Every structure is written in structure tokens, then in C-alpha cells.
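Close look at the chain arrangement
Take a look at the letters that make up each chain.
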Amino acid sequence: MKKLISLILTLLLINSCGKKEDKFEAFSTEAFAYDLGGSWEVNATVRIKGFNQIIDKETGNYAATISLIVDLVKPDSSVEAGKFSYVHTETSKEKISDVGLEAQFVLDSTYQEGIYKIVFHIKDANSDQHTSIETDLELNK
């Protein structure tokens, strides 16, 4: 019985001391629009963490590659998929804890005032993990 308890405690200790990996997640969204007199310039940001990093064998730097696709949900609930997209590469001599992603695009005069949603679709290219998060955007003069 003592051996069984010892074994269980040892296994619990090994499991609890194991390396924890951060969950791939997005946080701290923000979106705002500038009235350009006939159109709107939209700026939206999101931060991410928990992405996979590779080490460049030549430089020893950490590198992360993240793709971002932004959908725009209009006040009538229609969706403009892929309103903005890009691939972000981040490198650092030290392990990267989190990264800020930015989207910037123009909405012409056909976009009415109201509450829109910005949906960030984020993919870690090094691990194929995906996450999404959204935030509101208000267009008003």
C-alpha cells in the first residue's frame, strides 16, 4: 500500500512540475475610425500570446509567424469576409511573450453610421492553431 501511495505521489509531482504551455489566445482588442470627410479610416488592434516559436539555427533568434484575417460585420448583420489580411513575422533574441497585430483599412461613403463588429481570425503558422476574437466599431460623425 505504501508503494502505491508513493508511486501516485511521485506521478502527481512529475505531472505538476511538467512544462506548461501557454494557451494560444487573443486579447486586448481595440477599434476606432477617423472620419475623413466622405470615407472612414479604420484602425484595429489585437494582442496575442501562446504562439509557437521556432529558433533560427543560423542566428539563434526566436521567430513567430502569425496570419491575420479581419472580417467586418455590418449593422444589418451582413459580413464582409477578408476585409483585411496579412502575415506578421516577429523575431527576437529572447523568447517572445506576446505580439500586437494591427489592421488598417478605408471604408468609403457607402458605409452608414452605426455599430459594426471587427472579427479577428488569427492563425499561428508554426503550429496551425487558430483563435478568433471580436470587438465593436462605431461609425458616427
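Everything in this summary refers to the structure shown in the same document.

Rules and cut-offs
Residues numbered from 1 in each chain as written. Predicted model: local features only at pLDDT ≥ 70, side-chain atom pairs only at ≥ 80, totals over all residues. Heavy atoms only, no water. Helix = DSSP H or I, 4+ residues; strand = E, 2+ residues; numbered from the N terminus. Buried < 20%, exposed > 50% of the residue type's maximum accessible area, 1.4 Å probe, protein only. Contact = heavy atoms within 4.5 Å. Polar contact = N/O pair within 3.5 Å; in protein donor to acceptor, adjacent residues only side chain to side chain.

Another point: the environment of Glu-25. Assignment of secondary structure puts Glu-25 in strand 1 (residues 25–35). The class of Glu-25 is partly exposed, set by a relative accessible area of 28%. In the structure, Glu-25 is positioned 105 residues away from His-130 in sequence and 8.5 Å away in space, judged by C-alpha atoms. Beyond its immediate sequence surroundings of up to four residues, Glu-25 is in contact with Arg-47, Ile-48, Lys-49 and Thr-131.

Note on placement: Gln-53 falls in the loop between strand 2 (40–49) and strand 3 (54–55). Residue Gln-53 is classed as buried on the basis of its relative accessible area, which comes to 14%. Side-chain polar atoms of Gln-53 contact the backbone oxygen of Ile-96, separated by 2.7 Å. Discounting residues that sit within four places of it in the chain, Gln-53 has contacts with Tyr-62, Ala-63, Ala-64, Lys-95, Ile-96 and Asn-126.

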